[in-house]
Structures are given as structure tokens and as C-alpha cells.
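Residue-level structure breakdown
Next come the chains, spelled out residue by residue.
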Amino acid sequence: HPTSAASDSSRAMGKAKELRKRPNAKKDAQKAVGKIFGDPTGKKTEAELEEEFNKKVELWCGRIIRGVFMSYSLFGALASAFEWATRPDMPPLVPIGGGDDLAGVNAIVTGGCGGMGLELTRGLAMRGANVVAGCRAPKPPLPDDADADFGSSSGDELLDSLLDPTTIEGIPEGSVRGSAVRHELDLEDFSSVRTFAAKALAEHEGKVDVLIHAAGSMRACENTTDGFESATQVNYLSPVLLNRLVAPRLAERAGSTPPLGNARVIHVTCSSAASMGGKGADADGVLLASDGVKPRKKGCDPGSRYADSKILLERHTRVLARKFDKKNVLVAAVDPGDMLTDYVLKANWRRSGMRYHPAAIVSWAVGKMSTTAFGPHGFGSFTKRQPERGASAVAHVAVGDVFRNVAGTGRGGAVFSDRAGAFTRATGCAREIEDECGVVKPPGPRRSEDARTHEAKARRRDETDSEVWK
């Protein structure tokens, strides 16, 4: 250990000074120092001994640093394993035996053609809801030799989806009690958001009960067609615009849907990412100035931009809840957790400035070994949630009967996560008020700020969100 070696060295030097006063002092001093530095004969020179000592210090420092960074990498895996082992059960997306408890409910789901969004669309439609899904990629053109190539039942399903561009692949017609159709939606383009809102409202004849923002992106530090930073627009600005276009219709519909009791707006967030951001979310220029960022602009960290976009979304959830609470519209956010989808795989975080940090290099090496052994999700293949579980969490808040009377009480704007506890009494929730099961505690002041500063910062953020809404 370098510290103990240094102390032993100083003791040896002190002993050497004493020995110089005795006969054969120089030889005895060399032997005493040599014992510490691995030369009991005392034949090595001071320069050689000093060089050996420096090598030992470098060796031990290197071992300590590697151990720290390896522990840092393994901590994430151990934390995931612990969270997996203690994770509470989730109520089923579709009740056992099916049912049509959502008959007559009109829903809009962004990102409803893949991953968790697809499971959510399918689950709501199986329970009788009429769902319009917003999907980014348009349907491919019908091939010329379609009749020859599609002979199996799965091929027939694909052929049907190609013939009808509103059909969702994976939800064949007649497989659900309600209905599920798709329309193109690109959150990186405001004009696409406006077009989708018009088509979705027309599909539901202007009557919407539930709006779920399941779409999102982890790609950041790139410009959209509108000139904004991509993560900020996809995860925050476009959802705000869609709320702006659809929420008035939700308020008109509120209270007229017996299955729900009130209209609902649900944002899908990532609380763990939001807890890491902060600086970019306080910069008004990021939101209000449409100058975007250069794709490789120095100082633009994709991970931080993604985290900031989720902070903005959770803030908008609270502001929107206050705006529509008295209109009988429940607004909330749900963190479904890390799931086995390609959402994370599409991120461009390797462009981050932290990619050359020793911890990032060690994490990359460990991740490379795990993905080689266990597939694209690595160790996460054993601990990540299935998309169905994430969809169940979102659906519980979006259409759960327990939230029938929450709107209008001033308790909207909450963030739900199974990390904060079970969602229902049946799955282990022990909270006094059942609609508070799974609610995440609101973030308080950081260590570097007092309560007054925290409140002032929150007011400025709310004012910024109101400007974006306008």
C-alpha cells in the first residue's frame, strides 16, 4: 500500500540518521533502507532504490484506480439485480378472462407501433377501447409480387397491413374487441404533430378520453427539421404541442365517459435520467430560441440533454395538471423502468464527452463482454422489464378505476414508478390512500441550495413552460 510504504520509508530514513553516528554507520544505514525497498544486502544506490520505490507506488496506485472503476461498473449490475429481486408485481395489462371494460373509450397513443407502445395499444384495444396510434415510419409500398410471396397466415397479415396503411402490424383485424388504427407521426417535425392531431381527432370525431405520450428518443445533440435540439423537441416540445392541440377536446369530454370518470393525459418519463439533469433545463434559450445545436458542438452532452428533456417533461406534467385540474382532466407521468426494447440501443451517447473518462472506458469494456455473451442488452437481458410490464404500469394510471375521483382534488401532476412501491393493494401497496400507491416523492432542494432558492427556481421553470405553451 503506498501510504504504508511511505511511512515505512520515513521511519527507515530516521533510523539511518541515527546509525550514521555509530561505527559502520553508512553500511548499516544502507541495509536498513534496503530492507524497506527490497534490497536487504544494501548494495543498491539511492537512485536505484528511489526508482524501485516509485515503481511500487505506481503499481499500487494503478491497482487502486482499476479496482475503484471496476467496482463502479459492477455497482450498476448489482443495483439492477437488487432492484429486480425486490421489484413488486404489476397489475395485468388485460384482466384475466379479458373483458370490455373500456368499451366506448377513445384513446390516442404516440409511439404505439413498437415496443411498450405497441403492447399498450394492443392491451387497450383488447379491453374495448378505440385507439389511434402515432407511428413514425410510414407503411412500405406494396410489392409487385405480393400475391406470390405472401402465402402463410403471417404473410396474409402482413399483406393486409400493406393494403391498409392504417392497420398496425402485430394487431390483425378482428383480434381485439375495440379498434386500433395508425397514423404517421414524426415528433421531430411540428407540422407532422399538427397533421397527426387533426387526423386523430377526426378518427374519434373530436371525442378523446385518454392521451398517452409513449413515444420518446434517447438520441440527442442533433438538429430537427424545425431547428431545435432533437431530444428537447421529441421528448418535450412536441408533446407540449400535441397537448395544446388535443387537451381542449379532453376537457370537453371529461366526465362523460363512465368507464373512466375523467379524461386523462399520461406522460412516459424516466425518473432516473431526470435526477441526473438540471443545468440545461434551466436555460430558457434552449427552449425558446430555435437555433438548435451543431451535431458535434463542443459541450453538448447527449446524456445530459436527454436528462434535461425528461426534467422539462415532468415539470410540464405538474404545470398542465394545475391548468386542467378544475376541468376534470387528470394529468400524470409514469416511469415504466428500463425495458427490453431497442429504445436504449438507438441512443448516440457514445458521442458524449464522458466517453474518454476511465470509468466510461471500463464500463464500455464490461458492456462489450456482456453484449457479446448475452445479446444486445447484455446483463440487462436478465434484469430488465418486459414491454408488457411497462405497458401495464402506464395503463394502470391511464385507465385505472382507482383514479376516477382524483381530478379536481389538486393531487394531479404526480410521477409514478414501481421503484417507489407497488401500484395496488393487491400487489403489496400499504399506503393509506390507494391512488398514491407508486407515487414518487417530489424532488426537493439540492445540497447546494436552500428551500427559498429551490422555490424561486421552480417558479422560473413554470414560467418558462407557460411561455412554451403559448
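Since the model is a prediction, treat every value here as computed from it, not as a measurement.

Some remarks on the overall build of the protein
Helix and strand counts for the protein come out as 15 helices and seven strands. For the protein, buried positions account for 45% of its 470 residues. Counting only contacts in the protein whose residues sit at least 6 apart along the sequence, the fraction spanning at least 24 positions is 75%. Approximately 24700 Å² of the protein is accessible, and the part contributed by carbon and sulfur atoms is 55%.

Quick word on the pattern of salt bridges
Scanning all chains against the criterion turns up 13 salt bridges. The closest approach of N and O atoms between R136 and D186, which form a salt bridge, is 3.7 Å. Of the two residues, R136 is situated in the loop between β2 (130-135) and α5 (146-149) and D186 in the loop between β3 (179-184) and α7 (190-203); the sequence distance between them amounts to 50 residues. Salt bridges linked by common partners bring R136, D186 and E188 together as one network.

Here we look at the confidence of the model for the protein
Mean pLDDT for the protein: 77, with 67% of residues reaching 70 or above. Taken element by element, the predicted model of the protein shows its lowest mean pLDDT in α5 (39) and its highest in strand β4 (residues 210-213) (97). Contacts for the low-pLDDT stretch residues 139-163, under 50 throughout, to residues beyond four places or in other chains number 24 contacts.

A look at the environment of S175
When you line up the elements, S175 lands in the loop between α6 (153-163) and β3. Residue S175 is classed as partly exposed on the basis of its relative accessible area of 38%. Along the chain, S175 and R122 lie 53 residues apart, while their C-alpha atoms are 9.2 Å from each other.

A word on the sheet that holds strand β6 (residues 329-335)
Here we have seven strands laid out as an open sheet, ordered β3-β2-β1-β4-β5-β6-β7, and parallel in their pairing. At either margin of the open sheet sits one strand with a lone partner, and together these are β3 and β7 (415-417). Within the sheet, the average angular offset between the axes of one strand and its neighbour, ignoring direction, is 20°. Inspection of the sheet shows β2 paired to β3 by six bridges, in the parallel sense. Across the sheet, residue N130 finds its bridge partner in β3, namely S179. Sitting on the sheet, helix α11 (residues 302-324) is in contact with β5 (263-268), β6 and β7, with an inclination near 170° to β5. Seen against the sheet, helix α14 (residues 387-399) touches β4, β5, β6 and β7 and runs at an angle of roughly 155° to β5.

Looking at the environment of H204
As for its position among the elements, H204 is in the loop between α7 and β4. A sequence separation of 97 residues divides H204 from A107, and the C-alpha atoms of the two residues are 8.5 Å apart. Contacts of H204, omitting those with residues within four sequence positions, involve N106, A107, I108, N130, V131 and V132. A distance of 3.0 Å separates a polar side-chain atom of H204 from the backbone oxygen of A107.

Concerning the nonpolar core
Ranked by internal contacts, the top residues of the largest apolar core, which has 43 residues, are L120, L124, I212 and F416. No other element matches the seven residues that α14 contributes to this core. Other than its neighbours up to four places away in sequence, F416 contacts A332, A333, V334, D335, V397, F403, F423, D435, C437, G438, V439 and V440. Of all hydrophobic cores here, the second largest spans 34 residues; its members include V132, A263, V329 and W469.

With respect to the state of the cysteines
In total, this model carries two disulfides according to the counting rule given. A sulfur-sulfur separation of 1.7 Å characterises the disulfide bridge that pairs C113 with C135. Its S-S torsion of approximately 60° makes the covalent link between C113 and C135 right-handed. Here C113, found in the loop between β1 (106-110) and α4 (115-126), pairs with C135, found in strand β2; they are 22 residues apart in sequence, far enough to count as distant. On the basis of relative accessibility, which here comes to 22%, the residue C113 falls in the partly exposed class. Put simply, C429 and C437 are joined by a disulfide, and their sulfur atoms are 1.9 Å apart. Here the S-S torsion is close to -85°, and the disulfide linking C429 with C437 is therefore left-handed.

Conventions and cut-offs
- Residues numbered from 1 in each chain as written.
- Predicted model: local features only at pLDDT ≥ 70, side-chain atom pairs only at ≥ 80, totals over all residues.
- Heavy atoms only, no water.
- Helix = DSSP H or I, 4+ residues; strand = E, 2+ residues; numbered from the N terminus.
- Buried < 20%, exposed > 50% of the residue type's maximum accessible area, 1.4 Å probe, protein only.
- Contact = heavy atoms within 4.5 Å.
- Areas by Shrake-Rupley, 256 points an atom, 1.4 Å probe, with all protein chains shown as cover.
- Salt bridge = Lys/Arg side-chain N within 4 Å of Asp/Glu carboxyl O.
- pLDDT = per-residue confidence, 0-100.
- Pairing = 2+ DSSP bridges.
- Axes fitted to C-alpha atoms, helices over the stretch in contact; angles between N-to-C directions.
- Polar contact = N/O pair within 3.5 Å; in protein donor to acceptor, adjacent residues only side chain to side chain.
- Core = buried A, V, L, I, M, F, W, Y, C linked by side-chain atoms within 4.5 Å.
- Disulfide = S-S within 2.5 Å.

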